[in-house]
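A structural walkthrough
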Amino acid sequence: MIENLIKTPPYSLPSAEKAQRLLEAMHEAYRHHVDNCAAYARFCAGRGLNRDSEFKSLADFPYLPVQAFKDSADLLRSVPEDQIKTKLQSSATSGMPSTTPIDGVTAKRQVRALAGVLGAALGPKRRPLIVFDADPRSGRGIMGARSAAVQGFLNLAREVHYAMSPQEGVLTLQRKVLADLSKSWSSSSEPVLLFGFTYLIYSMALEPLAKEGIRLPLPAGSKLAHLGGWKKLADRAVSKEEFARCAELVFGISPENVVDFYGFTEQMGVTYPDAPSGDKMVPAFAEVIVRDPKTLEPCADGEVGLLQFLTPLPYSYPGISVLTDDIGVITSRDDSGDWHGARFRVLGRAKNAEVRGCGDILGDKVAAAQARSSAREQDMRLLFSFDHAPASQGRWDAPLSMESLPQVDSVTQLVERLKKGRKRLDHYSVDDLIAIISAAARRWAEPDSELRELRQQGLLFLSSWCRPERLARLADESLRGRRGYLDGPLPIAGSRVRHLGARQRGLVVHWLAGNVPVLGMLTLVQSILARNANLIKAASRFTRVLPMLLDAFRGLKVVTPGGRELLGDDILASIAVVYFDREDSISAQAISSAADVRLAWGGREAIESVATLPRKVTAEDILFGPKLSFMVIGQSAFDKERKIKRLARRAATDVCVFEQTGCASPHTIFIERGENLSAEDFAVLLAAELDKALVRFPPPPISPDDASRVEARRIRGELTGRVWRSKGTAWTVILDDAGAELASPCYGRVITIREVDRIDEILPLVHDGIQTIGLALEGEPRLHFVQCASRRGAERFPDIGRMTLFEAPWDGLFPLERLVKWYTLGGPV
């Protein structure tokens, strides 16, 4: 069935006939892979499927995300190892590339399928071919999937010429070769075929030759075929029309003869060319499905979502149904004319998804090789200050229109204005400041607040954390037991001679992280209590959240029992929020040089960037870098059924709060093996509690790339262990037998449970990069574990259910203490 389908002219089957034949071929391929790939069979069994399962439609076949061919490529093989002829590998900017093992059967199918599509799209006749790449025989410049793509197009060639060659490690256009070929074919009537990767052929040939006015006309009817790499051109606002215009200018090739092909490594051999309408055409031996990124249910034609592709071609690996991280839409299913089959359009890659295609990777490399260093002009924008409250621009998570914001021309003047405004705080006691902050926090929690959708993403905790008694206790604990030191010198230990006081440091510059929307407010509140001026550099994500929180202080009045009026505007006078691009080094250096304290939250790259900026010799650094956290549960925690359910509910809370994006969020749960309760039993309970938590903690919309990442982790779990999952991507519980090994963060409420014989087996995992370990241990084992883990670098050991609650110390330090300067009165005793 499969072989006959491949031999069929690729666009000749009416929809009904194609659907029936392809469904039969997919069943044949499915049974082969269930019988011969143990991991795939286990994956299917986890979904209640077996080799005899019958699928009513193509949408019912289980799919693997492209990420599975990176994370789990070692498990995905359906023929003996000695039958593998080659391992096809995609390019990758970081991490692991996709890998697919190719045997003789798969290779023959790929060649036949590709030949059929190319013949239909470009014509079956062999002709001269110019490849805009290096000769693969050079051993340089072409590798893996890129090499396979070039080899496929060679089947159309009567003679082959390579228009590029590596020179000193850099791929270079051979202009003389092109000029000589154009001249020799000037009197020929035989059309020529040009082939190249989209970014490469445009950036190194079409664009520069067109700009220089160079014309290299080819015989009438010549065609240009190009593949992949649109991302880099889209970043430069280069359209398909502009691409075709340059091809016509340089080579005389008409736009209708410029054919764009779509394909990917995980189903090499199946390509999707432009149809006459301009959309991509699906051949008889493949089908496309669009899935909703949140629910992963099939979308109706015309709706946008993640593209899934099915084909029975792969024999040596179970790549018959693959969910990509590309966004697209099915535009029609037209059986009229000569082109039968579904038509679809690729709209782009899911935001922040790992760049996967060899054309896009090539674009990155070429762009890097051609890049020239240039100074960036300062472009700092004022998001918020006492004198400037930007007009509402939609939801809290809506992107800002930077063009509408005023520029900060002078950082020096801005800093002086903040320091002048800071002096207003000197008229308030620390308890006065606490009262104002608490009143603003009550506004955040109001039902009609614009920020109400953040209630389950930290806003409720922040509002509660800002209650007067909690802030007073925080200040006392941070400042040697007495927050009153901030209001003036107080005697030490009853001494009549020696007094101690705390004062502001000056200007605190904050670099916010984009992972937790309300995170920056936790340290800003402490800086306000210390009466510092504050300049905040907002993150590119959740840029509007902090300005909206601060706006609650505007016009706020608090009347004390004694009748004094406390003004929120006096706090705002000492605060400004700015934004500039992360590559704007001039702005970054300016605010860093002005800081008396540099306070930053973020990943390793962001923290290292701040740390290397110029600074005052006297400046204090408070840097909260990347950390990981996990849970530890001993058998003593399972002594009562009621206690077990409560523990599962609390664990679910820690997983849900901040959507696991905070450094204190757990990604792995280690459970001590024993008789009271198994790890599998706890996984079932946790899955139930995570499902209930959807009401208490409604998940935010998930991006297509995050959905793809969650699906990939689920697949890995199903290939190696057991998985409990929500409908859609709301939550996932994975149980595997990896033992004492940390699961890498996936986010999106994905938690991995691992069983260990003894709790002490986990201690080697603890290092300075571990922040929080949530504990469910009792008695002596609890104290022993904490002492050992703290010596190895861990800093927090809260009970499970309280992992994500901010406290002092945090990351092993009291931030408020670092935000003041101490002074003495009276001298030593």
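**Quick word on the overall build of the protein chain**
When helices and strands are counted, the protein chain shows 25 helices and 33 strands. For 829 residues, the compact-globule formula gives about 28 Å, and the C-alpha radius of gyration of the protein chain, at 31 Å, lands near that figure. Over its C-alpha atoms, taken along the principal directions, the protein chain stretches across nearly 105 × 70 × 50 Å. Taking all 829 residues of the protein chain together, the buried fraction comes to 55%. Taking all contacts inside the protein chain whose residues are at least 6 apart in sequence as the whole, residues at least 24 apart take part in 72%. Of the roughly 34600 Å² that the protein chain leaves accessible, carbon and sulfur atoms contribute 50%. Mean positive and mean negative side-chain charge positions of the protein chain (107 and 102 charges, respectively) differ by 3 Å.

**Concerning the sheet that holds strand E26 (residues 620–624)**
Taken in spatial order, the 6 strands of this open sheet run E17-E24-E21-E20-E25-E26, and their pairing is mixed. Of all strands in the sheet, those with a lone pairing partner are strand E17 (381–385) and E26, marking the two edges. On average, each strand axis in the sheet is inclined to that of its neighbour by 20°, with strand direction left out of account. As paired strands, strand E25 (residues 597–601) and E26 are joined by 5 bridges and run parallel to one another.

**Thoughts on a positive patch on the surface**
A cluster of basic residues, Arg-649, Arg-650, Arg-696 and Arg-802, forms a positive patch at the surface. Mapped onto the elements, Arg-802 comes out in the loop between helix H24 (779–792) and helix H25 (815–818). Overall, the relative accessible area of 49% leaves Arg-802 in the partly exposed class.

**As for the environment of Ile-702**
If you trace the backbone, Ile-702 turns up in the loop between helix H22 (679–696) and helix H23 (704–720). Separated by 46 residues in the primary sequence, Ile-702 and Gly-748 place their C-alpha atoms 8.0 Å from one another. Look past the residues within four positions of Ile-702 in its chain and what remains in contact with it is Pro-293, Lys-294, Ala-707, Val-710 and Thr-729.

**What to know about the sheet that holds strand E33 (residues 820–825)**
One open sheet holds the 3 strands; their spatial order is E18-E19-E33, and the pairing between them is antiparallel. The sheet is open, and its two edges are formed by strand E18 (490–491) and E33, each paired on a single side. In this structure, strand E19 (residues 499–504) lies alongside E33, joined through 6 bridges in antiparallel fashion. Looking at E33, one finds that Gln-504 is bridged to Val-820.

**A few points about unusual backbone geometry**
In the segment running from Ala-808 into Pro-809, the intervening peptide bond is cis, with an omega of 5°. Unusually for a residue other than glycine, Arg-480 sits at a positive phi of about 55°. Of note, the phi angle at Glu-659 is positive, near 55°, even though the residue is not glycine. With respect to the secondary-structure elements, Glu-659 resides in the loop between helix H21 (641–656) and strand E28 (666–672).

Definitions and cut-offs
All residue numbers here refer to positions counted from 1 along the written sequence of the relevant chain. Where local features are concerned, this predicted model is filtered to residues with pLDDT of at least 70; where side-chain atom pairs are given and counted, the filter is 80 or more; whole-chain, interface and lining totals use all residues. With hydrogens and water set aside, each side-chain value is computed from the structure's full complement of heavy atoms. Strands are runs of DSSP state E lasting at least 2 residues, helices are runs of H or I lasting at least 4, and numbering of each runs from the N terminus. Our radius of gyration looks at C-alpha atoms and nothing else; its globule reference is 2.2 Å times the residue count to the power 0.38. For each residue, the accessible area found with a 1.4 Å probe, counting protein chains only, is set against the maximum for its type, and the residue is called buried under 20%, exposed over 50%, and partly exposed in between. The criterion used for residue contact is that any of the two residues' heavy atoms lie within 4.5 Å. Calculation of accessible area relied on Shrake-Rupley with a 1.4 Å probe; when residues are assessed, cover is drawn exclusively from the protein chains displayed. For this count, His and the chain ends are skipped, Lys and Arg are scored as positive, and Asp and Glu as negative. By convention, the charge on Lys lies at NZ, on Arg at CZ, on Asp at CG and on Glu at CD. Two strands pair if DSSP finds at least two bridges between them. Every angle, taken between N-to-C directions, lies between 0 and 180 degrees, and every axis is a line fitted to C-alpha atoms, over only the stretch in contact when it is a helix. Patch membership is restricted to residues that have no salt bridge and whose relative accessible area is over 30%. Joining uses 9 Å for like charges and 5 Å for the nonpolar side chains Val, Leu, Ile, Met, Phe, Trp and Tyr. Basic side-chain nitrogens of Lys or Arg form a salt bridge, by our definition, when they fall within 4 Å of a carboxyl oxygen of Asp or Glu.

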